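Survey of secondary and tertiary structure
Chain by chain, the residues run as shown.
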Amino acid sequence: SLPNDLDRIDGVNYFDADVKYTSNGAHFKECMLNFIEQCDHDYIFFLCDDYLVYSPVKEKIFKKILDCIIDLDISMMYLGSSKNLPKNTESINFDNFSILKIDQDYQHALSVQPCIWNKVILSKLLTQNSRVTLHDLDTNTISKKGLELKLYGVHKPPLTFHIDEKPLNSDYLVLDYFEFI
């Protein structure tokens, strides 16, 4: 449980899933479903705890991506590494980036990388699977049966399919983060 005297910083909302931790990761599904139930928003920005954002989010581009998600009723917008996506996929082009459609059968179509989920779709996906760990969500092993998922990813050319992959000291597209393990 979160302490009652926890300082709230920058208007961040803290949620207590009140779920017991398990070393095999089986608590992930229940934590996410409890969070979704408490969340007042339609979309969830998913960023794992082993990522650290170290630069301001570029709000104009982030808003453009959010508007696209809402306009196209996208289930999940992938913001992480997608180097192996087919290059001939359907795309929506903007001035300095593209949004690519991801085939639902692609091995890493679902993601624990930075992404934005429609919370209703994520809830249905978690609910219809008896057990989902964090890493199950990062592969194609969980059932998507009966769900018509609209999956997209952000691509910034000429780099590989990775929103944050860039040469050192160069600009970034939306947010600058790194993974520490």
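Right, let's walk through the structure included here. (Residues numbered from 1 in each chain as written. Predicted model: local features only at pLDDT ≥ 70, side-chain atom pairs only at ≥ 80, totals over all residues. Heavy atoms only, no water.)

The next point concerns the overall build of the protein. What the protein contains, in helices and strands, is 3 helices and 8 strands. When its helices and strands are written in sequence order, the protein yields α-β-β-α-β-β-β-β-α-β-β. By the burial criterion, 41% of the 181 residues in the protein qualify as buried. Considering only residue pairs separated by 6 or more positions, the protein has 72% of its internal contacts joining residues 24 or more positions apart. Put simply, the protein shows about 10,800 Å² of open surface, and 50% of that area lies on carbon and sulfur atoms. (Helix = DSSP H or I, 4+ residues; strand = E, 2+ residues; numbered from the N terminus. Buried < 20%, exposed > 50% of the residue type's maximum accessible area, 1.4 Å probe, protein only. Contact = heavy atoms within 4.5 Å. Areas by Shrake-Rupley, 256 points an atom, 1.4 Å probe, with all protein chains shown as cover.)

Under the defined criterion, the tally for this structure stands at 2 aromatic pairs. Where Phe28 meets Phe46, the ring centres are 6.3 Å apart and the plane angle is 80°; that geometry is what we call edge-to-face. Of this pair, Phe28 sits in helix α1 (residues 27-38) while Phe46 sits in strand β1 (residues 43-46), and the two are 18 residues apart along the sequence. Take Phe28 and Phe46: they sit in the same class, and that class is buried. With a centroid separation of 5.9 Å and 90° between ring planes, the pair formed by Phe45 and Phe62 is classed as edge-to-face. On the criterion of sequence distance, the pair formed by Phe45 in strand β1 and Phe62 in helix α2 (residues 59-72) is long-range, its members being 17 residues apart. A relative accessible area of 37% means that Phe45 is categorised as partly exposed. (Phe/Tyr/Trp six-rings, centres within 6.5 Å; stacked < 30°, edge-to-face > 60°.)

So, about the side chain of Ser75. By the secondary structure assignment, Ser75 is in the loop between α2 and β3 (76-78). Classification of Ser75 by relative accessible area gives buried; the value is 3%. Beyond its immediate chain neighbours, meaning those up to four positions away, Ser75 contacts Ile116, Trp117, Asn118, Ile121, Glu148, Leu149, Lys150 and Leu151.

Attention now goes to unusual backbone geometry. Positive phi outside glycine occurs at Asp73, with the angle close to 55°. Topologically, Asp73 is positioned in the loop between α2 and β3.

For the rest of this paragraph, the subject is the pairing of strand β5 (residues 98-102). Taking burial as the measure, the 5 residues of β5 include 4 buried ones, the bulk of the element. Counting the residues in the hairpin turn of strand β4 (residues 91-93) and β5 gives 4 residues. (Pairing = 2+ DSSP bridges.)

To continue, consider the packing of α1 against helix α3 (residues 119-127). Running from N to C, α1 and α3 cross one another at 145°; their axes reach a closest spacing of 10 Å. Relative to α3, α1 is oriented so that their crossing is left-handed. Each of Phe28, Lys29, Met32, Leu33 and Ile36 in α1 lies in contact with α3, whose residues at this interface are Lys119, Leu122, Ser123, Leu126 and Thr127. Of the residues contributing to the contact of α1 with α3, the split by class is 6 nonpolar, 2 polar and 2 charged. (Axes fitted to C-alpha atoms, helices over the stretch in contact; angles between N-to-C directions. Left-handed = near helix turned anticlockwise from the far one by under 90°. Nonpolar A, V, L, I, M, F, W, Y, C, P; charged D, E, K, R; others polar.)

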